[in-house]
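Here's the letter readout for the chains.
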Amino acid sequence: MTQSPFELLTLIVAPAILTNSASVLSLGTSNRFARTVDRSRFIYEKMKEPEKLPASEVALYQKQLPIVGKRSLLLVKALTCFYIAIGAFAATAFVSLMGAAVTLFHYVLVSNITMMAALACGVVGVISLVLGTVLLVQEMWLALNFLHAEVELSEGIQVNPIL
C-alpha cells in the first residue's frame, strides 16, 4: 500500500488524458461518418435517373455504393469503440477516486477490489481505443480506393488500388 492517498489520485490523470484522446478521435470519426452519409446521399440522388449519366459514371456509382456502406459500418463500429473507451476511462477515474478514499480508511479488501476494478476498466478502455483506431485505418484504405476509382473516371487513367 502507498504512504499517501495522493499517490493513488495521480492514477486519475492517465484515464483523463486517454478520455481526451478518445473524445478527439470520436469527433473526427463523427465528421468522417457525416461525410460518408453525405456521399451516399449524393450517389443515391445521382442514381435516381441513371439514364442521364454516362455509362462509366453509372458503373462507378454502382461500384461505390456498397463501399460507402462498408465505410459507414466501419465508422459506426469505430465510434462505438471510442464511446466505450470514453466510458471505461471515466469509470477508471471514478473507481480510482473511490479506491483512494477507501484507502484512507484502511479497508484493505475493498481497496484491493477497487484497484482491480480500476485496472479492468482501464484495460477495456485501452482495448476499445486500439480497436477503434484499427477500424479507422481500415476505413481509410477503403476511402483511398474510393478516391482512386474517381480519379480513374475523371482523368481516364488506370490507378492501381492499394487493397
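Residues numbered from 1 in each chain as written. Predicted model: local features only at pLDDT ≥ 70, side-chain atom pairs only at ≥ 80, totals over all residues. Heavy atoms only, no water.

1. Some details on the side chain of Thr103
1) Next: Along the chain, Thr103 turns up in helix α3 (residues 55-104).
2) Next: Residue classification places Thr103 among the buried residues on the basis of a relative accessible area of 11%.
3) Next: There is a polar contact of 3.1 Å between the side chain of Thr103 and the side chain of Ser111. (Helix = DSSP H or I, 4+ residues; strand = E, 2+ residues; numbered from the N terminus. Buried < 20%, exposed > 50% of the residue type's maximum accessible area, 1.4 Å probe, protein only. Polar contact = N/O pair within 3.5 Å; in protein donor to acceptor, adjacent residues only side chain to side chain.)

2. Notes on α3
1) Next: Compared with the 74 Å implied by 1.5 Å per residue over 50 residues, the 74 Å span of α3 between its first and last C-alpha is a close match.
2) Next: The largest bend along α3 measures about 25° and falls at Gln64, with the proline Pro66 one to four residues further on.
3) Next: Two residues or fewer past α3, His106 is found with a positive phi of approximately 60°. (Expected span 1.5 Å × (residues − 1). Bend = angle between axes of the 7 residues up to and from the residue.)

3. Here we look at the packing of aromatic side chains
The geometry of two aromatic rings is summed up by the distance between their centres and the angle between their planes.
1) Next: Evaluated as defined, the whole model comprises two aromatic pairs.
2) Next: On the basis of an interplanar angle of 85° and a centroid distance of 6.0 Å, the ring pair of Phe42 and Tyr61 is categorised as edge-to-face. Taken together, the residues Phe42 in helix α2 (residues 13-46) and Tyr61 in helix α3 connect sequence positions 19 residues apart.
3) Next: Take Tyr61: its relative accessible area is 7%, and that puts it in the buried class.
4) Next: Judged by centre distance (6.4 Å) and plane angle (35°), the ring pair of Phe105 and Tyr107 falls under tilted.
5) Next: Among the residues examined, Phe105 registers a relative accessible area of 58% and is labelled exposed. (Phe/Tyr/Trp six-rings, centres within 6.5 Å; stacked < 30°, edge-to-face > 60°.)

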